[in-house]
Structures are given as C-alpha cells and as structure tokens.
Amino acid sequence: MNNYKLKELAAKSAIKYVIPNSIIGIGTGTTVSFFIRFLKEIKHLIQGAVSSSLTSSKLLRKIGIKLFDLNDVSSLSIYVDGADEINPKMQMIKGGGNALTKEKIIAAVAKKFICIIDENKQVKVLGKFPLSIEVIPMACSYVISELNKLGGFSKKRKNVITDNGNYIIEVHKLKILNPILMEEKINSIAGVVTVGIFAKRPADIVLIGSSDGLKTNINY
C-alpha cells in the first residue's frame, strides 16, 4: 500500500468521530486534505468548521462547508490534523506546512484532538524532522542564536511568510528527549510566537494508516 493510500485510510477513519450538529476544527496538510474530501459526504450533518490555514479554508469553501472565526465559537467537539512526527506518548512535531500557530490554538480549544497519520510518521524520539518555530521578523537572528544553544542547526525557512505575517525558523538534527521541557524553553525565547512541539497538548486519539490496516491509539 503506497503512502497516499495510508493517508487516505487514516483520514477516512476520522469521519466516524464527527459529532452531528457540531463545529469542528480542521488542520493542514496532505492527510487533512483527504479528510476534507471525505467530510464532503456528511457536510449536511455539521454546522461548519474552524480552519487553521488559508489552504484548508479554500478546500472547505469549495465543498460548501461554512467557516467560523474561532472568536465566535464557544467550543469545538474535535480537532482533526496530521503530524510531521509523533512519539509513543502522542506528542508531536508539527509546522511543516507553516500553520503551527493556528493549529496549536485550535488544538487547545478542542475537546478532542484526533491526529491522522501514515505509519511513517511514528518515531521513538522527536527531532528527525526539522522543528518549525514561528517568530516575529525582527527577532529572527536573535532567536536563531538562542536556538543554536539548545543543539541542532537553525536557519530561516526560505521564501516563507506565515498567514500571520511572520517568519519560520527550522531546527535540524535536534534530539528532543523531553518534549514538554523543550516546548517550554523555546516558547520562553523573546520573539517566538509558537514552537511546533505539541507536547503539553498531545493528541487524544491517533489514527494510523499502516500496511497492516488501520491502527488506533487512545490517550484518555
């Protein structure tokens, strides 16, 4: 089974977690795009969605799903998103699609965070995939110098301006042995908007498309 089929399997399995008449949170990325495609079949059952990126918003509008501003929503039943990497504790690295800040906010609001991935995203230790960090533009050089003190190699992601008007720094070859501590350390650096470590708010459910079929991990 190729990678796209694995993503598709995970995405389709998330549909059963959609609660009728609710507003749901939608993330960003290839696997989420598959989820949005399957969501079209039941769009009449939900009120609408809060989206984490312009790309996902465009796809949702295309299939006729109403978009809500998070400030106008009291709660979200679920948040469905992918991951760049995820460990056995369901802590993850996100941000490869440059939407990590909105993703982290929506994940914090949602009652359940459902992560949909293919089996290749599973790791024992986070850090093989470059860690994304959104920063205020004027702080970019300072943040890079502070990040280099933590290990790894940091650089500004080329030709990227986030939906919030900021830069993305990516850190390569950083072994994240204590994800919660690393998340707190990086968030404390002046100029950092968000770090793409999702450890303080891990997934509640992970749906994994594997060569052996669907696998489900539950964290509650």
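Residues numbered from 1 in each chain as written. Predicted model: local features only at pLDDT ≥ 70, side-chain atom pairs only at ≥ 80, totals over all residues. Heavy atoms only, no water.

Enquirer: Describe the sheet that holds strand S10 (residues 192-195), with residues and values.
Expert: Two pairing modes exist for strands in a sheet, parallel and antiparallel, and in both the strands are linked by backbone hydrogen bonds. Taken together, four strands build an open sheet; the order of strands is S8-S9-S7-S10 and the sheet is antiparallel. Of all the strands in the sheet, just strand S8 (153-156) and S10 have a single pairing partner and so form its edges. Each strand of the sheet is rotated relative to its neighbour by a mean of 25°, with strand direction disregarded. In terms of strand pairing, S8 meets strand S9 (residues 167-172) through four bridges, oriented antiparallel. Its bridge partner lying in S9, Ser-154 is registered against Val-171. Helix-sheet contacts for helix H5 (residues 140-148) involve strand S7 (131-135), S8, S9 and S10, and the interaxial angle to S8 is about 165°. (Pairing = 2+ DSSP bridges. Helix = DSSP H or I, 4+ residues; strand = E, 2+ residues; numbered from the N terminus. Axes fitted to C-alpha atoms, helices over the stretch in contact; angles between N-to-C directions. Contact = heavy atoms within 4.5 Å.)

Enquirer: Outline the packing of helix H1 (residues 3-13) against helix H2 (residues 30-39), listing residues and values.
Expert: Where H1 meets H2, the axes come as close as 8 Å, and the angle between the chain directions of the two elements is 50°. On the basis of their axis angle, the class for H1 and H2 is oblique. H2 is crossed by H1, and the crossing has right-handed handedness. In this structure, H1 uses Tyr-4, Lys-7, Glu-8, Ala-11 and Lys-12 to contact H2, whose residues at the interface are Thr-30, Thr-31, Phe-34, Phe-35, Arg-37 and Phe-38. (Parallel < 35°, antiparallel > 145°, perpendicular 65-115°, else oblique. Left-handed = near helix turned anticlockwise from the far one by under 90°.)

Enquirer: An account of a positive patch on the surface is requested, with residue identities and associated values reported.
Expert: A surface patch of like charges, here positive, comprises Lys-40, Lys-43, Lys-58 and Lys-62. Its location among the elements puts Lys-62 in helix H3 (residues 54-62). Here Lys-62 falls in the exposed class, since its relative accessible area comes to 73%. (Patch = residues over 30% accessible without salt bridge, like charges linked within 9 Å, V, L, I, M, F, W, Y side chains within 5 Å. Areas by Shrake-Rupley, 256 points an atom, 1.4 Å probe, with all protein chains shown as cover. Salt bridge = Lys/Arg side-chain N within 4 Å of Asp/Glu carboxyl O. Lys, Arg positive; Asp, Glu negative; His and termini not counted. Charge placed at Lys NZ, Arg CZ, Asp CG, Glu CD. Buried < 20%, exposed > 50% of the residue type's maximum accessible area, 1.4 Å probe, protein only.)

Enquirer: Tell me about H3, residues and numbers included.
Expert: Taken residue by residue, H3 has Ser-56, Ser-57 and Leu-60 as its buried positions. Projection of H3 onto a plane perpendicular to its axis shows the buried side chains occupying an angular sector of 100°, all on one side. Facing away from the buried surface of H3 by more than 90 degrees, the exposed residues are Leu-54, Thr-55, Lys-58, Arg-61 and Lys-62. Trailing H3 by a residue or two, Gly-64 shows a phi angle of about 85°, which is positive. (Arc of directions from axis to C-beta.)

Enquirer: Give me the lowdown on the packing of aromatic side chains, citing residues and values where you can.
Expert: Applying the stated criterion across every chain, the model contains two aromatic pairs. Between Tyr-4 and Phe-34, the aromatic rings sit 6.3 Å apart at their centres with planes inclined by 70°, giving edge-to-face as the arrangement. Residue Tyr-4 is found in helix H1, and its partner Phe-34 is found in helix H2; the two are separated by 30 residues along the sequence. Judged by its relative accessible area of 54%, Tyr-4 falls in the exposed class. Ring centres of Tyr-79 and Phe-113 lie 5.2 Å apart, and the angle between their planes is 40°; this geometry places the pair in the tilted category. Of the two residues, Tyr-79 sits in strand S3 (residues 76-81) while Phe-113 sits in strand S6 (residues 110-118), which places them 34 residues apart along the sequence. The pair formed by Tyr-79 and Phe-113 is uniform in burial state, with each residue classed as buried. (Phe/Tyr/Trp six-rings, centres within 6.5 Å; stacked < 30°, edge-to-face > 60°.)

Enquirer: Account for the pairing of strand S13 (residues 213-218), with residues named and values stated.
Expert: Here strand S12 (residues 205-210) runs beside S13; their pairing, made up of six bridges, is antiparallel. Of the residues in S13, the one forming a bridge with Gly-209 is Leu-214. The antiparallel pairing of S12 with S13 creates a hairpin that spans two residues between the two strands.

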